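# Survey of secondary and tertiary structure
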Amino acid sequence: MNKDDIGIKKEIISMLEYDPFEGYAEADQKFLYNELYSYFSDEEIIEDQFLVSQLIQIANNNNQIRKIDYLISTYTANTELLIKNDAKIKSLKFTKQILFKTQNTSQKKIAFQ
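The notes below deal with the structure included here. (Residues numbered from 1 in each chain as written. Predicted model: local features only at pLDDT ≥ 70, side-chain atom pairs only at ≥ 80, totals over all residues. Heavy atoms only, no water.)

## Considerations on helix 1 (residues 3-16)
For helix 1, built from 14 residues, the straight-helix expectation of 20 Å at 1.5 Å per residue is met to within 8% by its first-to-last C-alpha distance of 20 Å. Within the sequence span of helix 1, burial applies to Asp-5, Ile-8, Ile-12 and Leu-16. Projected onto a plane normal to the axis of helix 1, the buried residues spread over an arc of 60° and lie on a single side. Looking at helix 1, the residues exposed on the side facing more than 90 degrees away from the buried face are Lys-3, Lys-10 and Ser-14. Buried residues belonging to helix 1 abut helix 2 (26-37), helix 3 (43-47) and helix 4 (49-75). Backbone nitrogen of Asp-4 and a side-chain oxygen of the N-cap are separated by 3.0 Å at the start of helix 1; the cap is Asn-2. After helix 1 finishes, the residue Glu-17 shows a positive phi value of roughly 70°. (Helix = DSSP H or I, 4+ residues; strand = E, 2+ residues; numbered from the N terminus. Expected span 1.5 Å × (residues − 1). Buried < 20%, exposed > 50% of the residue type's maximum accessible area, 1.4 Å probe, protein only. Arc of directions from axis to C-beta. Contact = heavy atoms within 4.5 Å. Polar contact = N/O pair within 3.5 Å; in protein donor to acceptor, adjacent residues only side chain to side chain.)

Written as C-alpha cells, this is what we have:
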C-alpha cells in the first residue's frame, strides 16, 4: 500500500473505531479500504451500523468478484487453457453468481432502510 492508501486505511479505522479488514492480505486491504472509503461521503452513513456492515459486505464481495475475474481471465488466456480448466471456470462462474446475488440482497437492504 502506498502513502495515500495507508492514509485512507487510518481514516476508515478512525471513523469506524475499529479495523473492518484486520487480518486480510495487504493486497486485498488496498482494494477494500479504497472501496469502502468511496461509500463514506456522508457522516450519517458512518453512524448507521447496519448500513456500514452492508457496505463492508459489498466491499468484500467486490474484492472476491475481482479475484474471480482475474482467475477466469488467467484460465481462459488461450484455447488450451480454456479446455484444461473448464471445470474450474464453471465453478468460478457459479461462485461469482452467488456473490452477485448476495450483493444484490445487501443493496436491497440498504435501499429499504
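Structure's up, so let's keep going.
## Comments concerning the packing of helix 1 against helix 2
The geometry of helix 1 relative to helix 2 is characterised by a closest axis approach of 9 Å and an angle of 55° between their N-to-C directions. By the angle class used here, helix 1 and helix 2 are oblique. In this structure, the crossing between helix 1 and helix 2 has a hand that is left-handed. Note on element contacts: helix 2 touches helix 1 through Gln-29, Lys-30, Tyr-33, Asn-34, Leu-36 and Tyr-37, opposite Asp-5, Ile-8, Lys-9, Glu-11, Ile-12, Ile-13, Met-15 and Leu-16. Tallied by class, residues from the contact of helix 1 with helix 2 come to eight nonpolar, two polar and four charged. (Axes fitted to C-alpha atoms, helices over the stretch in contact; angles between N-to-C directions. Parallel < 35°, antiparallel > 145°, perpendicular 65-115°, else oblique. Left-handed = near helix turned anticlockwise from the far one by under 90°. Nonpolar A, V, L, I, M, F, W, Y, C, P; charged D, E, K, R; others polar.)

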